[in-house]
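Structure at a glance
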Amino acid sequence: MSTKRKTPDAPRAIKAGDPVRREPRAEKTDEAAVPEFAALDAAAEGRVEYRKVRVPAHRYTPLRKAWPQIVTPLVEQLKLQVRFNPRSRCVELRSAPTTPDAGAVQKGADFVAAFALGFEVADALALLRLEDLFVDSFEVKDVKILRGDHLSRAVGRIAGADGKTRHAIENATRTRVVVAGTHVHVLGSAQNIKVARDAICDLIIGAPPGKVYNRMRTVAKRLHSRL
């Protein structure tokens, strides 16, 4: 007795007007079944966080003079182990069993890096006290390609006579600005850094300082009124 095999049906072409077949949705899981995980703690897990910050040659003498002011908040406030390695010319930071926060090492590294860029110790300490501050760095050539005397004049427009332009930008935007060669470093909150960076870029391009001041003060006043 012979049996015939059933051949699979060919897929039917979908035409306009055919009813749409919806797949059944998965049932929502109970909220009590969702696991909750506690925050990670490096000290509790026994991990050692390590950071290394390189110090430029022209910042060795300021680092030596301000070393007690740098080490004190790192050791007493963040409970870190700090040392300066003369071979690698780096400041090395390491977490200790008494370090309360897993992100303390990164905070300390940002503080030391800000000082290495040229900021004063009092200004760099704000990175340890406030959470919404960071450092933004860029180069004059990133805004406009300049060479020779044109580059020197652009840097001079940022600083101004006796640093008056730089101080005016700092006071209007509540930031701190460091001009190191052709590099510009700005310390502050994200919104204030944007206002200061726009003003500095306008000066680099060659806008008149008077228009830059008026525009910067208007934007900064509007920003501070919102806050």
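Here is a short report on the structure shown in this document. The structure presented is a predicted model; accordingly, all values stated were derived computationally and were not measured.

Cut-offs used in this document
Residues numbered from 1 in each chain as written. Predicted model: local features only at pLDDT ≥ 70, side-chain atom pairs only at ≥ 80, totals over all residues. Heavy atoms only, no water. Buried < 20%, exposed > 50% of the residue type's maximum accessible area, 1.4 Å probe, protein only. Helix = DSSP H or I, 4+ residues; strand = E, 2+ residues; numbered from the N terminus. Arc of directions from axis to C-beta. Contact = heavy atoms within 4.5 Å. Pairing = 2+ DSSP bridges. Axes fitted to C-alpha atoms, helices over the stretch in contact; angles between N-to-C directions. Core = buried A, V, L, I, M, F, W, Y, C linked by side-chain atoms within 4.5 Å. Lys, Arg positive; Asp, Glu negative; His and termini not counted. Salt bridge = Lys/Arg side-chain N within 4 Å of Asp/Glu carboxyl O. Polar contact = N/O pair within 3.5 Å; in protein donor to acceptor, adjacent residues only side chain to side chain. Phe/Tyr/Trp six-rings, centres within 6.5 Å; stacked < 30°, edge-to-face > 60°.

1. Observations concerning helix H8 (residues 149–159)
Those residues of H8 lying buried are Leu 151, Ala 154, Val 155 and Ile 158. One face of H8 carries all of its buried residues, which in axial projection span an arc of 95°. Elements that come into contact with the buried residues of H8 comprise helix H7 (140–143), helix H9 (164–173), strand S5 (176–180), strand S6 (183–188) and helix H10 (190–205). Residue Gly 160 follows H8 closely and has a positive phi angle near 80°.

2. What about the sheet that holds strand S4 (residues 134–139)?
Each strand in a sheet pairs with its neighbour through backbone hydrogen bonds, running either in the same direction (parallel) or in the opposite one (antiparallel). Across the sheet, which stays open at both edges, the three strands sit in the order S4-S6-S5 with antiparallel pairing between neighbours. Looking at strand neighbours, the two that pair on one side only are S4 and S5, the edges of this open sheet. Between one strand axis and the next, the sheet turns through 15° on average, direction left out of account. As defined by bridge partners, S4 adjoins S6 across six bridges and the pair is classed as antiparallel. Looking at S6, one finds that Ser 137 is bridged to His 185.

3. A word on the nonpolar core
Judged by nonpolar contacts, the single largest core of 27 residues is most densely connected at Ile 70, Leu 74, Leu 80, Leu 93, Phe 111, Val 112 and Val 121. Secondary structure elements with two or more residues in this core: helix H2 (60–65), helix H3 (67–77), strand S3 (90–95), helix H4 (104–117), helix H5 (121–124) and helix H6 (126–129). By residue number, the principal contributor to this core is H4, which donates seven residues. In this structure, Phe 111 is in contact with Ile 70, Pro 73, Leu 74, Val 121, Ala 124, Leu 125, Leu 127 and Leu 128, ignoring residues within four places of it in sequence. In terms of nonpolar packing, the next biggest core, distinct from the first, is built from 23 residues, Leu 151, Ala 154, Val 212 and Met 216 among them.

4. Here's the deal with the environment of Lys 144
Structurally, Lys 144 can be placed in the loop between H7 and H8. Judged by relative accessible area, which is 36%, Lys 144 ranks as partly exposed. Other than its neighbours up to four places away in sequence, Lys 144 contacts Ile 204 and Ile 205.

5. Structural notes on the side chain of Arg 59
Note on placement: Arg 59 falls in the loop between strand S1 (50–54) and H2. Lacking a salt bridge, the buried Arg 59 has Glu 120 as its closest oppositely charged neighbour, with an N-O distance of 6.3 Å. A polar atom in the side chain of Arg 59 sits 2.9 Å from the backbone oxygen of Phe 115.

6. Notes on the sheet that holds S1
Across the sheet, three strands lie side by side as S1-S3-S2; this open sheet has antiparallel pairing. Two strands bound the open sheet, and with one partner strand each, they are S1 and strand S2 (80–85). Ignoring which end each strand starts from, the neighbouring axes of this sheet average 20° apart. Sitting on the sheet, H3 touches S2 and S3, and the angle it makes with S2 is about 150°. Helix-sheet contacts for H4 involve S1, S2 and S3, and the interaxial angle to S1 is about 5°.

7. Brief notes about the packing of aromatic side chains
In this structure the tally under the stated criterion is one aromatic pair. When the ring of Tyr 60 is compared with that of Phe 84, the centres are 6.5 Å apart and the planes differ by 70°; the resulting orientation is edge-to-face. Pair noted here: Tyr 60 is in helix H2 and Phe 84 is in strand S2, with a separation of 24 residues, a long-range link. A residue is classified by how much of its surface remains accessible, and Tyr 60, at 18% relative accessible area, is buried. Judged by relative accessible area, which is 30%, Phe 84 ranks as partly exposed.

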